[in-house]
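# Residue-level structure breakdown
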Amino acid sequence: MEKSIKAGVRKAMEKFQQLTIAELYEDNGLHLESVNNARDPRMRTIRVSGFWRGVVLAPDDGSDTFLLLNVVPHDDAYTWAAKRLYTVNTATRALEVRNVAAIEQLTPALEEAAAVAPTLLFARHSDTVLRDLGIDNQVLRAARTIVDKPQLEAFGTLLPEDQFEVLQCLAEGFTAEEVYRDIVIERRPADATEESSESLAMAIANTTSRITLVTRPDELAEILDKPFAAWRVFLHPSQRRVAYRVSYKGPAQVTGGPGTAKTVVALHRVS
């Protein structure tokens, strides 16, 4: 982001540190407001600058924890926010996001194609097994239409993160037991309960691989000001799974297009 946009984000976030929830909604400069026709009723936007908006998830559980999701131009913010739904993974207890509108639009047509397909990618895994790995009803319906790995990858930007990684691993031939060990057990906090997952604040706290909890303005400033060179060695959770997966007992082939951090993954693997 440009410096002026970063400054706007810092200024907005300072208000979240200083004001009560009631005061946040009344602040004319922040302009915290709901998103019309949003699939997730907790979606809000805030003013970062005259042209840029932040998208935040507002608490509905009595807590005071807001989650900053995106910072994009004005019109894009409302379009992006309206299509997304944040849910808690039933297995990992982590917060994850899906493009619910796109999944709903694509699934019926894919079901027609799947009905005449000779094979389906996840046919050998029962609904019970998939649900035990955190696959919810909407994703399960979509997964039952997938015929091969390229089609699964095309779903990648639409599906919830943990659920997509579970499906990726199953598609690569890992057993359900291995996936449960390497993803579910690895990510689910030891003290997580089904009841605590109903709290947005608890779900945020359970999602340390994708969410950074900021309690002071200087922490946010440090994140925003971190030089790009420092992020070049950062691993996305899906890359970290490859680099540190314990079930790889020998050589493994990693494929990907230019700029997908294959070399960085390999360096982490041998370090």
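Source: prediction; values computed, not measured.

## A few points about the environment of Arg-10
Looking at the element boundaries, Arg-10 is found in helix H1 (residues 3-18). Arg-10 sits in the partly exposed class, given a relative accessible area of 24%. C-alpha of Arg-10 to C-alpha of Ala-221: the two residues are 211 residues apart in sequence and 6.7 Å apart in space.

## Overview of the packing of aromatic side chains
Scanning the entire structure with this criterion turns up one aromatic pair. Taking 5.0 Å as the distance between ring centres and 65° as the angle between the ring planes, the aromatic pair formed by Phe-16 and Phe-66 counts as edge-to-face. Note that Phe-16 is positioned in helix H1 and Phe-66 in the loop between strand E3 (52-57) and strand E4 (67-73), a separation of 50 residues in sequence. Residue class for Phe-16 comes out buried when judged on its relative accessible area of 17%.

## What to know about the side chain of Arg-42
Here Arg-42 is to be found in the loop between strand E1 (33-34) and strand E2 (43-47). When residues no more than four places from it in sequence are discounted, the contact partners of Arg-42 are Val-56, Leu-57, Ala-58, Asp-60, Tyr-86 and Leu-200.

## So, the nonpolar core
It is characteristic of soluble globular proteins that their nonpolar side chains tend to be buried jointly. Membership of the largest hydrophobic core comes to 28 residues, with the highest contact counts inside it found for Phe-122, Leu-167 and Val-179. The set of elements that each furnish at least two residues to this core consists of helix H4 (100-114), helix H6 (137-143), helix H8 (161-171) and helix H9 (176-187). Residue contributions to this core peak at six residues, all from H8. In this view, Leu-167 contacts Phe-122, Ile-135, Val-139, Ala-143, Leu-152 and Leu-159; residues no more than four positions away in its chain are not counted. Formed by 18 residues, the second largest nonpolar core is a distinct cluster that contains Leu-57, Trp-80, Val-97 and Ala-203.

## Some thoughts on H9
Its twelve residues place the ends of H9 16 Å apart at the C-alpha level, agreeing with the 16 Å of an ideal helix rising 1.5 Å per residue. Taken residue by residue, H9 has Ala-176, Val-179, Asp-182, Ile-183, Val-184 and Arg-187 as its buried positions. An end-on view of H9 places all buried positions within 155° of arc, on one side of the element. Exposed and facing more than 90 degrees away from the buried side of H9 are Glu-177 and Glu-186.

Reading the values: the criteria
- Residues numbered from 1 in each chain as written.
- Predicted model: local features only at pLDDT ≥ 70, side-chain atom pairs only at ≥ 80, totals over all residues.
- Heavy atoms only, no water.
- Helix = DSSP H or I, 4+ residues; strand = E, 2+ residues; numbered from the N terminus.
- Buried < 20%, exposed > 50% of the residue type's maximum accessible area, 1.4 Å probe, protein only.
- Phe/Tyr/Trp six-rings, centres within 6.5 Å; stacked < 30°, edge-to-face > 60°.
- Contact = heavy atoms within 4.5 Å.
- Core = buried A, V, L, I, M, F, W, Y, C linked by side-chain atoms within 4.5 Å.
- Expected span 1.5 Å × (residues − 1).
- Arc of directions from axis to C-beta.

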